[in-house]
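What follows is the residue order along each chain.
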Amino acid sequence: MPRYNPAEIEPRWQRYWEENATFAQQVTAKPEGEKLYALDMFPYPSGDGLHVGHPEGYTATDIVCRAARMQGKAVVHPMGFDAFGLPAEEHAIKTGEHPRVQTEQNIDTFRRQLKSLGFSYDWSREIATTDVDYFRWTQWIFLQIFDTWFDHEQQRGRPIAELVIPDDVKELGEDFARQWVDEQRLAYQSDAPVNWCPALGTVLANEEVIDGKSERGGHPVERRALRQWMMRITAYGDRLENDLEDLDWSHGVKALQRNWIGRSTGAEVDFKIEGREAREAGAFPTKPGPDFIRVYTTRPDTLYGATYMVIAPEHSLVEELTKPENAEAVTAYIQQAGMKSDLDRTELAKEKTGVFTGSYALNPVNGEKVPIWIADYVLATYGTGAIMAVPAHDERDFEFAQQFNIPIKAVVKPADDVPAEEAAKILAGEQVYVAEGVAINSGEFDGLETAQFKEKITESLAARGLAKQAVNYKLRDWLFSRQRFWGEPFPILHELDDAGDKTGHVISVPEDQLPVDLPHLEDFKPHGRAEPPLDKAPDEWLYQEIDGKRYKRETNTMPQWAGSCWYYLRFLDPKNDQAPIDPEIEKAWMPVDLYIGGAEHAVLHLLYARFWHKVLYDRGVVSTPEPFQKLVNQGMILGENNEKMSKSRGNVVNPDDVVSEYGADSLRLYEMFMGPLTDSKPWNMEGVNGVFNFLGRAWRMIVDERAEELQLSEQLTDAEPTEEQLKTLHKTIKAVSEDITKLSFNTAIARMMEFVNFFTKEKTRPRACIEPFVLLLSPYAPHLCEELWYLLGHKETLAYEPWPQHDESVLVESTVEIPVQIGGKVRAKIKVAADADRETIEAAAMAEPKVQEFIAGKNIVKTVVVPGRMVNIVIKS
RNA sequence: GCCGGAGUGGCGGAAUUGGCAGACGCGCUGGAUUCAAAAUCCAGUGAGGGCAACCUCGUGGGGGUUCAAGUCCCCCCUCCGGUACCA
């Protein structure tokens, strides 16, 4: 009984594809035919194995790729592994086994699972970010970034060699100049706080800290400043934002990125501290100097309403501005603020807190004295770390002013559509008004619109050297180092003095000495010092002597993001040992034409990868300004109960189980049939059974299931198709082909089900209809279709058979049935020639007895006829 | 709070971008086949009313535009995702 048996068919075809290297793609500088680079976000190979969420996006790209090959395109469709990560390191700490061991086991599992689903990956391109041959080039790219500074005038990154050191810097000596240069690099060092856990003797990642305690063991965690590597992604803020425009990405993801970059325009304004030296008119200085506090504001038009100032607790002027009589309160406040985590400072802070310094500043527009406060609602890391507070027109300032009884002065007249009662409250300083409007109480500027006022006031202050236009970003520089073992080592050496201490000079490891591999460690247990684990490395690894100078290797490692920032390039040329990618190949194959993955990477991964890409673009390594032309985020697959799948909920579906029960084709087909790719949707095992039945029906449409031996159904003939059969075929070809370009796989499958429903009922099934159908279905259910194709007498894989073309002329209907509405309700249907004109259709409608019945005794107001569509008779009773 | 996405039968979802709401699948009901079951095949299946032909209502709620609204406009509600004192 030759039933549809995926367990037998699928492994056989998987072997065939592997043995014949069916999907290996020659990637050369001159692709044959149009190129298609379709990329999946490569997975982190966790110990849990593949999740049913993975194959959703993977099947989508696979369908696109399989169809594209049949359409004659040159297709690159690779897969690899983002394999550095915390779990493997934790396992290593526990067991003493090298994290590489477990990582490779996990990769083996993932690879096996992926292969069992029949994806048409070119496995000869497989890479893992943990491969030494791979991270050699991750290190190389780091060195490019390290060797780049950002020229703000030209808005691009340039080699350090082209950086001109200003004379005033040069005068300060070689050491200082060198330090200055280092400060300009896109990869630079800085002190940044980390989560140090003394009990565990290690630094923890943010996600390992819960409520100020370590996730493991619940030990206290302190924030401690540590020397770190940073990447100057903020320099590329404008380009990262502007270049989104031309990308074929969803509106939502673009908005997410814009929001994350958070560009705002406004002004920097200097407020003189009371009793200090005034400034002579001139250019706005780069630094405010000791006599001024610099603030950033997006609303310089509200300057007349600034009734106090706030500096962040970490602001450099805190000590200086604090009067002796306020010192005690200030010290207490700062200590308290320092103990709060970032979270406490935001989420919990319903009530505003702050403390007066005792000092005043002078409002530059009117010379009024404004008190200077310290409050933690002002962030040290944004803008200048200080603000002018305008309580009448800013919600936070309003809350604070109410709390501390600070005057609230309205300087923007509420718009006309604000109710009079509210407007009165606003003018009286009893309610906050943040919208734009017309200036009041602003001296000579009264009556100006917000936008105009902003410009005027900035100009006016700029003329006195007290302000300039300024741009700010929410985006922060990227904290690029991790205190971990299982990551890429930095190709950086620190110069040591005679005493063995770091001099502060760093040099890059010469290119020909890459890669810097990870050292051998006896075990992976924390060493208890607040230094990275690599500090445990043997001296041979740790120390180097070059030209008589001793150096110590950088012992931080790179974050997991690093490897995924450029893997899409390496896939095109994975074995190249001269360069990360051959420039000719890069030119021919980039950008990625279709990139599919989870929405969880909509911000960070995509922003980081775009940033690296832009640096590589500036440095001439790549030829396109953007890496991913089209991006699609698949929706989440939920459990049967409509909740997120998770171990704790016990609703996780394992793809292996689905494959063994129904086969890979059914899993693929089901995931595509569930609903639109981008939607979240719940899993339903009955649904898998449904598509499995469909595949069985397709099988029986072609194969005689009742015969003893495997043979084609007797209903399958070489007869000429009937007109109706041809129509069904071409309708299906058209719909399925169009749906693939729209990534609307669920509807394509529905059309193919209709095809099978139709032909199952046909007594004869012409080969001329059935064979194209097998090709149409093959991207979705490749194993079944290869088998059917073979049974139909073809000896070669169908992977490169020409894609069926539909014939529009077959689809033209001679007559159409259209509805006749009376008063907007369908009352009858008429058959008319497809190309009938209005008059003919109207006459036909009027002649219909049903219509007559309905319009009897009524006035016809008008008749709307849409040829080929419908008739609507509007009546009045 | 803000930003993004979504609300259509018992369920997952279709609907040519303003033109017959509910394609396709699941589930359910009935029938054929069978000693029986599984599998398979056929038919029905938005709700309410009617013996029927048919009628009325119906796309989260309320208003509006239109000959015609799931689709466009205004207001509101709910759910999901992201984000959170960014001056």
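- Chain A has the name Leucine--tRNA ligase in an unreviewed UniProt entry, where Adhaeretor mobilis is given as its organism.
- Regarding chain A, the relevant UniProt record gives this comment under Subcellular location (unreviewed entry): "Cytoplasm".

1. Section: the overall build of chain A
- Broken down by element type, chain A carries 30 helices and 33 strands.
- The C-alpha extent of chain A, read off along each of the three principal axes, is 100 × 85 × 50 Å.
- Excluding contacts between residues fewer than 6 apart, the proportion of contacts in chain A whose partners are at least 24 apart in sequence is 71%.
- Of the roughly 40600 Å² of accessible surface on chain A, 48% is carried by carbon and sulfur atoms.
- One finds the centroid of the 97 positive side-chain charges in chain A at a distance of 3 Å from the centroid of its 140 negative side-chain charges.

2. Examining the domain arrangement of chain A
- Here the domain parsing of chain A yields domain 1 (264-472), domain 2 (661-810) and domain 3 (813-876).
- Distance between the C-alpha centres of domain 1 and domain 2: 68 Å.

3. Brief notes about the pattern of salt bridges
- Here the structure, examined in full by the defined rule, presents 48 salt bridges.
- Across the pair Arg-239 and Asp-618 runs a salt bridge, and its minimum N-O distance is 3.0 Å. Here Asp-618 lies in helix H20 (residues 604-618) and Arg-239 lies in helix H8 (residues 237-242), a separation of 379 residues in the sequence.
- Classification of Asp-618 as buried rests on a relative accessible area of 14%.
- Between Arg-276 and Asp-291 there is a salt bridge whose closest N-O contact spans 3.7 Å. Here the residue Arg-276 occupies a position in the loop between strand E10 (264-273) and strand E11 (292-297), and Asp-291 occupies one in the loop between E10 and E11, the gap between them amounting to 15 residues.

4. Focus on the packing of aromatic side chains
- Tallying each qualifying case throughout the model produces 49 aromatic pairs.
- Centroid distance Trp-478 to Phe-611: 6.4 Å. Interplanar angle 65°. Geometry classified as edge-to-face. Here Trp-478, found in strand E19 (residues 478-479), pairs with Phe-611, found in helix H20; they are 133 residues apart in sequence, far enough to count as distant.
- A residue is classified by how much of its surface remains accessible, and Trp-478, at 2% relative accessible area, is buried.
- Through successive ring pairs, a cluster of aromatic residues spans Phe-142, Phe-146, Phe-150, Trp-229, Tyr-236, Trp-478, Phe-480, Phe-490, Trp-561, Tyr-608, Phe-611 and Trp-612.
- In this structure, Lys-369 is placed above the aromatic ring of Tyr-360, and the distance from its NZ or CZ to the ring centre is 4.4 Å.
- Taking NZ or CZ as reference, Arg-553 lies 5.3 Å from the ring centre of Trp-541, over its face.

5. Description of the nonpolar core
- By size, the foremost hydrophobic cluster in this structure holds 170 residues, and its most contacted members are Phe-142, Trp-612, Trp-683, Leu-777 and Tyr-780.
- With residues up to four places along the chain from it excluded, the contact list for Leu-777 reads Phe-694, Leu-695, Met-752, Leu-784 and Cys-785.
- Of all hydrophobic cores here, the second largest spans 52 residues; its members include Ile-311, Val-370, Trp-373 and Met-388.

6. Here's the deal with a negative patch on the surface
- There is a patch of like negative charges on the surface, built from Asp-835, Asp-837, Glu-839 and Glu-842.
- On the secondary structure map, Asp-835 appears in the loop between strand E31 (825-833) and helix H29 (838-847).

7. Side note on the pairing of strand E13 (residues 355-362)
- In this sheet, E13 lies alongside E10 in antiparallel orientation, the contact comprising two bridges. In the sheet register, Ile-273 faces E13, and the bridge partner there is Ala-361.
- Bridge analysis of E13 against strand E14 (residues 369-374) gives five bridges, and the strand direction is antiparallel. Bridge pairing in E14 links Tyr-360 to Pro-371.
- Hairpin connection between E13 and E14: a loop of six residues separates the two successive antiparallel strands, and Gly-367 in this loop has a positive phi of roughly 70°.

Rules of the game
- Position numbers for residues start from 1 in each chain and track the written sequence from start to end.
- The order in which chains are written sets their letters, starting at A; the order in which ligands are written sets their numbers, starting at 1.
- Selection of residues for local features in this predicted model requires a pLDDT of at least 70, selection of side-chain atom pairs for listing and counting requires 80 or more, and totals for whole chains, interfaces and linings are taken over all residues.
- Hydrogens and water molecules were not included; the side-chain quantities draw on all heavy atoms of the structure.
- UniProt positions are given in the numbering used here, feature names are shortened, and annotations may be inferred rather than shown by experiment.
- Only DSSP runs of H or I reaching four residues or more are called helices, and only runs of E reaching two or more are called strands; each is numbered from the N terminus.
- In what follows, residue pairs with any heavy atoms lying within 4.5 Å of each other are defined as contacts.
- With residues, only the protein chains shown are counted as cover, and all accessible areas are computed by Shrake-Rupley using a 1.4 Å probe.
- Only four residue types enter the tally: Lys and Arg on the positive side, Asp and Glu on the negative side; His and the chain ends are excluded.
- Think of each charge as sitting on NZ of Lys, CZ of Arg, CG of Asp or CD of Glu.
- Boundaries between domains were set according to an automatic or database domain assignment.
- In the sections that follow, a salt bridge refers to a side-chain nitrogen of Lys or Arg positioned within 4 Å of a carboxyl oxygen of Asp or Glu.
- Partly exposed describes any residue whose relative accessible area lies between the buried limit of under 20% and the exposed limit of over 50%, with all areas from a 1.4 Å probe on protein chains only and scaled to the type maximum.
- Only centres within 6.5 Å qualify two rings of Phe, Tyr or Trp (six-membered ring in Trp) as a pair; their planes then separate them into stacked at under 30 degrees, edge-to-face at over 60, and tilted for everything else.
- Think of it as a cone above the ring: NZ of Lys or CZ of Arg counts as a charge over the ring if it is within 6 Å of the ring centre and within 35 degrees of the ring normal.
- The criterion is simple. A nonpolar core is a set of buried Ala, Val, Leu, Ile, Met, Phe, Trp, Tyr and Cys residues joined through side-chain atoms within 4.5 Å.
- The patches reported here contain residues having more than 30% relative accessible area and no salt bridge. Joining distances are 9 Å for like charges and 5 Å for nonpolar side chains (Val, Leu, Ile, Met, Phe, Trp, Tyr).
- In short, DSSP must find at least two bridges between two strands for them to pair.

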